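# Inside the fold
The residues making up each chain are set out below.
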Amino acid sequence: MDPSTLYTIAVFSENHVGLLNQLSIIFTRRCLNIESVTASTCSIPGVHKITITCHSTPDMMDKVIKQIEKRIDVIRAFYYTDSEIVYQEVALYKVPTPKMLIENHVEDIIRRHGARILDITPDYTIIEKTGHYDETEALFQELKRYDIKQFVRSGRVAITRSPIEHVDNFLQRREAQKPSES
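Model, not experiment: these values are computed from the prediction. (Residues numbered from 1 in each chain as written. Predicted model: local features only at pLDDT ≥ 70, side-chain atom pairs only at ≥ 80, totals over all residues. Heavy atoms only, no water.)

### A closer look at the packing of helix α1 (residues 19–29) against helix α2 (residues 58–69)
- Running from N to C, α1 and α2 point in directions that differ by 150 degrees, and their axes come no closer than 10 Å. It follows that α1 is roughly antiparallel to α2 by the angle criterion. Of the two possible hands of crossing, α1 and α2 adopt the one that is right-handed. The segment α1 lies against α2, with L23, I26 and F27 engaging V64, Q67 and I68.
- Taken together, the residues of the contact of α1 with α2 break down into 5 nonpolar, 1 polar and no charged. (Axes fitted to C-alpha atoms, helices over the stretch in contact; angles between N-to-C directions. Helix = DSSP H or I, 4+ residues; strand = E, 2+ residues; numbered from the N terminus. Parallel < 35°, antiparallel > 145°, perpendicular 65-115°, else oblique. Left-handed = near helix turned anticlockwise from the far one by under 90°. Contact = heavy atoms within 4.5 Å. Nonpolar A, V, L, I, M, F, W, Y, C, P; charged D, E, K, R; others polar.)

### Remarks on the sheet that holds strand β4 (residues 74–80)
- Taken in spatial order, the 4 strands of this open sheet run β2-β3-β1-β4, and their pairing is antiparallel. Bordering the open sheet on either side are β2 (34–41) and β4, each of which pairs with just one other strand. Averaged over all adjacent pairs, the angle separating strand axes in this sheet is 15 degrees, with direction ignored.
- Together, β1 (5–13), β3 (48–56) and β4 form the strand contacts of α2, whose direction differs from that of β4 by roughly 170 degrees. (Pairing = 2+ DSSP bridges.)

### Observations concerning the state of the cysteines
- In this structure the tally under the stated criterion is 0 disulfides.
- C31 forms no disulfide, and the closest cysteine sulfur to it belongs to C54, at a distance of 12 Å.
- Looking at C31, the relative accessible area reads 73%, which means it is exposed. (Disulfide = S-S within 2.5 Å. Buried < 20%, exposed > 50% of the residue type's maximum accessible area, 1.4 Å probe, protein only.)

Laid out in structure tokens, this is it:
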């Protein structure tokens with residue numbers, strides 16, 4: 001794999017203060033730039049999932065994962081290529097309503113990109129697009145001519161294509177290894 005491969009790292013952890021800072025230090029020490037980061041609860045009660053994307057090599061990703069898993073609050077960490085996951089981002093665009101009303105192509109642009117309007121006021125219209133980076137960027141490029149006032153894109157959210165959740169297997173094995181209480 002070429003060194004410019006974008007990897008998605010999934011970190012399963014307890015939700016404790018300072019973990020994100022500890023994780024960013026791991027990337028900084030290796031001169032790896034974090035492209036995006038998201039964090040939320042996951043399907044396992046009491047467990048949070050931090051999703052990080054960065055360009056790197058498989059060897060470097062192995063080292064990063066080993067360092068991440070040394071953190072006390074981390075349960076497990078995995079890295080994936082785009083073909084191993086299903087992922088999305090959300091983008092919001094704030095465009096002046098008067099400029100949009102002058103043009104009659106805006107509705108076509110929104111439909112063609114599978115976007116939707118979230119809010120319309122006399123001053124501005126907010127448009128939402130969910131998709132991959134290149135899809136949200138393509139809509140951004142088309143809306144530029146309408147004088148975008150604000151634009152924001154979320155980090156990647158991802159789930160694996162695997163029929164099993166790897167962290168579930170890890171937790172089941174760990175639970176089975178615990179000595180039974182008498």
